[in-house]
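Structural characterization, general
One-letter residues, chain by chain:
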Amino acid sequence: DPKMRARAFWVLVATLFLSSISINGAITHLSAILTDRGLSTGEAALALSVLGAMSLFGRLITGHLLDRFFGPWISFGLLAGASAGIALLAWTATPVGGLASAALIGLGLGGEADVTPYLLTRYFGLRALSTLYGFTWTAYAIAGAVGPIMMGRVFDVTGSYTTLLMVLAGQTLV
């Protein structure tokens, strides 16, 4: 399909791939990161609950925003927020910081799931949507498996999540 050779398609795939590594790595290790920093298991569980709630909110608000604003800018805002959440997670050692980072990551996670099919239909129409959507989310799923494994491996080798989280925050922002 010629649409799969389009630059816009590969930019979208790369964005999803890199953000999936970052967001899914952070989500999977969120509880371990927070408890490693001295938060209680209850506070870490609350942060995960906030992440889930903000993911739902992100899905709801993103549809509203996409009806009113330019889609790529909405995507950028969501990913910039997730990037800020990952960067905050790299350094936080307080319950408030943990909750804030979880909220920002959750918002980006929920919203990006809605932005992708929206952008695919705007750039490529409906004719090849199933093929393009399937391919983009396969890339997202592969990266979603790589992120948590990479985070765990880096922690096992270095004893810290901080440097990798900052790299992931930067890659999500880019």
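Residues numbered from 1 in each chain as written. Predicted model: local features only at pLDDT ≥ 70, side-chain atom pairs only at ≥ 80, totals over all residues. Heavy atoms only, no water.

Side note on the pattern of salt bridges
Quick note on the threshold: Salt-bridge detection follows one rule: a side-chain nitrogen of Lys or Arg within 4 Å of a carboxyl oxygen of Asp or Glu. Where helices and strands are cited, they refer to DSSP runs of H or I of at least four residues and of E of at least two residues respectively, numbered from the N terminus. In this scheme, a residue with accessible area under 20% of its type's maximum is buried, one over 50% is exposed, and one in between is partly exposed, where area comes from a 1.4 Å probe on protein chains only.
In this structure the tally under the stated criterion is one salt bridge. Put simply, R59 and D114 hold a salt bridge, and the shortest N to O gap is 2.6 Å. Taken together, the residues span a long stretch of sequence, with R59 in helix α2 (residues 41–66) and D114 in helix α4 (residues 95–124) at a distance of 55 residues. Take R59: its relative accessible area is 40%, and that puts it in the partly exposed class.

Focus on the packing of α2 against α4
Basically, it comes down to this: Lines fitted to the C-alpha atoms define the axes, with helices restricted to the stretch that makes contact. Angles between their N-to-C directions range from 0 to 180 degrees. Note: crossing handedness is left-handed where the near helix turns anticlockwise from the far helix by less than a right angle, and right-handed where it turns clockwise. The residue classification treats Ala, Val, Leu, Ile, Met, Phe, Trp, Tyr, Cys and Pro as nonpolar and Asp, Glu, Lys and Arg as charged. All others, Gly included, are polar.
Contact geometry for α2 and α4: axes closest at 6 Å, N-to-C directions at 35°. In this structure, α2 meets α4 at a crossing whose hand is right-handed. Of the residues belonging to the contact of α2 with α4, the class tally is 18 nonpolar, seven polar and three charged.

Re the confidence of the model for the protein chain
The criterion, for reference: On a range of 0 to 100, pLDDT expresses the predictor's confidence in each residue.
Overall, the prediction assigns the protein chain a mean pLDDT of 94, with 99% of residues at 70 or greater. Model confidence for the protein chain, summarised as mean pLDDT per element, is weakest for α4 at 93 and strongest for helix α3 (residues 71–91) at 96.

Quick notes on a nonpolar patch on the surface
Here is the rule: A patch consists of residues exposed above 30% relative accessible area that lack any salt bridge, with like charges linked at up to 9 Å and nonpolar side chains (Val, Leu, Ile, Met, Phe, Trp, Tyr) linked at up to 5 Å. Calculation of accessible area relied on Shrake-Rupley with a 1.4 Å probe; when residues are assessed, cover is drawn exclusively from the protein chains displayed.
A contiguous nonpolar surface patch, about 600 Å² in accessible area, is contributed by F70, W73, F76, Y123 and L173. Residue position: F70 is located in the loop between α2 and α3.

Remarks on the packing of aromatic side chains
Counted only if it meets this: Stacked, tilted and edge-to-face are the three classes assigned to paired rings of Phe, Tyr and Trp, where Trp is represented by its six-membered ring and a pair needs centres within 6.5 Å; plane angles under 30 degrees give stacked, over 60 edge-to-face, the rest tilted.
Tallying each qualifying case throughout the model produces nine aromatic pairs. Note on W10 and F135: the rings are 5.5 Å apart at their centroids and 80° apart in plane angle, and the pair reads as edge-to-face. Here W10 is found in helix α1 (residues 7–36), whereas its partner F135 is found in helix α5 (residues 129–158), with 125 residues between them in sequence. Note on W10: relative accessible area 40%, which makes it partly exposed. Three or more aromatic residues joined by ring pairs make a cluster, and in this case those are F9, W10, Y123, F124 and F135.

Describing α2
For the record, the criterion: Expected helix span is given by 1.5 Å per residue-to-residue step, counting one fewer step than there are residues. In this description, contact between two residues means that some pair of their heavy atoms is separated by no more than 4.5 Å.
Over its 26 residues, α2 extends 37 Å from the first C-alpha to the last, a length consistent with the 38 Å expected when each residue adds 1.5 Å. Buried residues of α2: A44, A47, L51, S55, G58, T62 and L66, and no others. For α2, the secondary structure elements touched by its buried residues are α1, α3 and α4.

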